[in-house]
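# A look at the structure
The primary structure of each chain is shown beneath.
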Amino acid sequence: MAFLELVGLPEGTPPRALEPETSVGSGAQATWRVPSKDLAARHFTVHASGDGKAKVVPASAQHVVILNGEPVPVGGAAVKGGDVISAGTAQFIYLNKESDKRPELPEPRGPAFLVDAQNRRAYPLNRRVVQIGREIGCNIVLKDTSVSRFHADIRSEGGQHVIYSMGSGGTKVGEETIKNPKMLREGDEIRIGRATFTFTEGKAPTGMKVVDLEEHADESFARRETVVYQKAITGSHDAFKIRTGPGAMTIGAVVVLLAVVAWLAAR
């Protein structure tokens with residue numbers, strides 16, 4: 001019988017015995033419910049056959065699962081004793097037997113940055129989620145009307161950094177326009193609108209200003225399209241008021257007054 005051990009549980013906690021099909025997630029529909037680890041309701045499934053073979057399969061292309069530091073394709077990947085499966089903030093060790101020796105886990109990864117070489121800035125990816133877009137509430141605000149208000153997220157997933165694209169204008173990693181979450185690797189170029197960022201781990205490149213993600217640009221830019229639209233509506237309404245409002249009444253009164261004066265003059 002195969003087992004899956006959740007890293008970080010109190011010493012002496014036994015690993016989970018796997019059924020032929022064991023789903024892992026944070027929701028009630030998961031066979032093994034693991035709360036507080038940033039997992040989807042049903043994040044991935046481990047298929048364990050009687051001949052000692054096993055396979056890990058993400059619930060969908062939107063559910064990121066990392067096996068020994070590499071992303072698991074939507075069709076799944078074979079696992080063997082000692083393999084480390086990571087998802088959300090959780091790490092699991094696959095064991096052929098409960099008594100198997102546990103492997104040494106990799107050291108936590110160092111800091112990571114998005115580098116904007118053109119403007120000589122480095123944005124630290126030091127949060128669970130870093131939002132990029134035109135909206136002032138984003139962590140990285142781009143003054144570019146071709147960028148969506150909430151265009152892309154870079155999330156910490158399974159000890160890696162993964163980019164999610166939500167913007168209608170598209171997000172490119174290298175020459176690929178991404179539709180599904182993509183794990184970032186050292187040197188990857190990310191293009192959002194007219195901006196280009198380079199993903200790097202370790203220290204920020206020399207000569208780059210490390211930008212506090214709390215510092216946002218001019219709020220009026222993020223809402224500019226909405227403001228312009230409101231002005232257009234208001235302008236039309238004002239024009240309507242000129243034709244039918246107090247201005248028209250004044251003209252009518254002048255006409256009546258002139259008619260009275262002409263009548264008096266004719267008497």
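Residues numbered from 1 in each chain as written. Predicted model: local features only at pLDDT ≥ 70, side-chain atom pairs only at ≥ 80, totals over all residues. Heavy atoms only, no water.

## Details of the overall build of the protein
Counted only if it meets this: Secondary structure follows DSSP: runs of H or I at least 4 residues long count as helices, runs of E at least 2 residues long count as strands, and numbering of each begins at the N terminus. Only protein chains enter the accessibility calculation, which uses a 1.4 Å probe. A residue is then buried if its area is under 20% of the maximum for its type, exposed if over 50%, and partly exposed in between. The contact criterion used throughout is that any non-hydrogen atoms of two residues lie within 4.5 Å. Areas reported as accessible are Shrake-Rupley estimates using a 1.4 Å probe. Residue values count occlusion only from the protein chains shown.
When you go through the protein residue by residue, the secondary structure sums to three helices and 23 strands. For the protein, with 267 residues in total, the buried portion stands at 37%. Within the protein, contacts between residues separated by at least 24 positions form 43% of all contacts whose residues are at least 6 apart in sequence. Carbon and sulfur atoms make up 54% of the accessible area of the protein, which totals about 15400 Å².

## Focus: the pairing of strand 13 (residues 121-124)
It is a general feature of regular strands that their side chains alternate between the two faces of the sheet. In plain terms, the rule: Strands qualify as paired when DSSP identifies two bridges or more between them.
Sheet analysis places strand 12 (residues 112-116) next to strand 13, joined by four bridges and oriented antiparallel. When the sheet's bridge partners are listed, valine 115 is paired in strand 13 with alanine 122. In textbook terms, the turn of a hairpin is the stretch between consecutive antiparallel strands, and for strand 12 and strand 13 this stretch comprises four residues, one of which, arginine 120, has a positive phi near 55°. Note: strand 13 against strand 23 (residues 209-210), two bridges, orientation parallel. Bridge pairing links alanine 122 to valine 210 in strand 23.

## Section: the pairing of strand 3 (residues 21-25)
Extensive coverage of strand 3 is indicated by the burial of four of its five residues. The sheet contact formed by strand 3 and strand 5 (residues 44-48) spans four bridges and is antiparallel. Paired with glutamate 21 across the strands is histidine 47, a residue of strand 5. As judged from the two bridges shared by strand 3 and strand 4 (residues 32-33), these two strands associate in the parallel manner. In the sheet register, glycine 25 faces strand 4, and the bridge partner there is arginine 33.

## Topic: the environment of isoleucine 192
With respect to the element layout, isoleucine 192 can be found in strand 21 (residues 189-192). C-alpha separation for the pair isoleucine 192 and serine 146, spaced 46 residues apart in sequence, amounts to 8.8 Å. In this view, isoleucine 192 contacts Ile132, Leu142, Val147, His151, Ala152 and Thr171; residues no more than four positions away in its chain are not counted.

## Re the confidence of the model for the protein
Applicable threshold: Per-residue confidence from the predictor is reported as pLDDT, a score between 0 and 100.
Residues at a pLDDT of 70 or more form 81% of the protein, whose mean pLDDT is 85. Residue range residues 215-245 is modelled with pLDDT below 50. Its contacts to residues more than four positions away, or to other chains, number 26 contacts.

## A look at the packing of aromatic side chains
To be explicit about the condition: Here is the rule: rings of Phe, Tyr and Trp (six-membered ring for Trp) pair when centre to centre is within 6.5 Å. Planes less than 30 degrees apart are stacked, more than 60 are edge-to-face, and the remainder are tilted.
The final tally for this structure, using the stated rule, is three aromatic pairs. When the ring of tryptophan 32 is compared with that of phenylalanine 92, the centres are 5.6 Å apart and the planes differ by 70°; the resulting orientation is edge-to-face. In this pair, tryptophan 32 is assigned in strand 4 and phenylalanine 92 in strand 11 (residues 90-95), connecting sequence segments 60 residues apart. The exposure class of tryptophan 32 is buried, given its relative accessible area of 11%. Between the aromatic rings of phenylalanine 44 and phenylalanine 92, the centroid separation amounts to 5.6 Å while the plane-to-plane angle is 75°, which identifies the pairing as edge-to-face. Here the residue phenylalanine 44 occupies a position in strand 5, and phenylalanine 92 occupies one in strand 11, the gap between them amounting to 48 residues. With relative accessibility at 1%, the residue phenylalanine 44 sits in the buried group.

## Here's the deal with the sheet that holds strand 6 (residues 54-58)
Strand order in the open sheet made by the five strands is 4-3-5-6-9, with mixed pairing throughout. Sheet topology places strand 4 and strand 9 (77-79) at the edges, where each strand pairs with a single neighbour. The sheet contact formed by strand 6 and strand 9 spans three bridges and is antiparallel. Considered in strand 9, the bridge of valine 56 is made with alanine 77.

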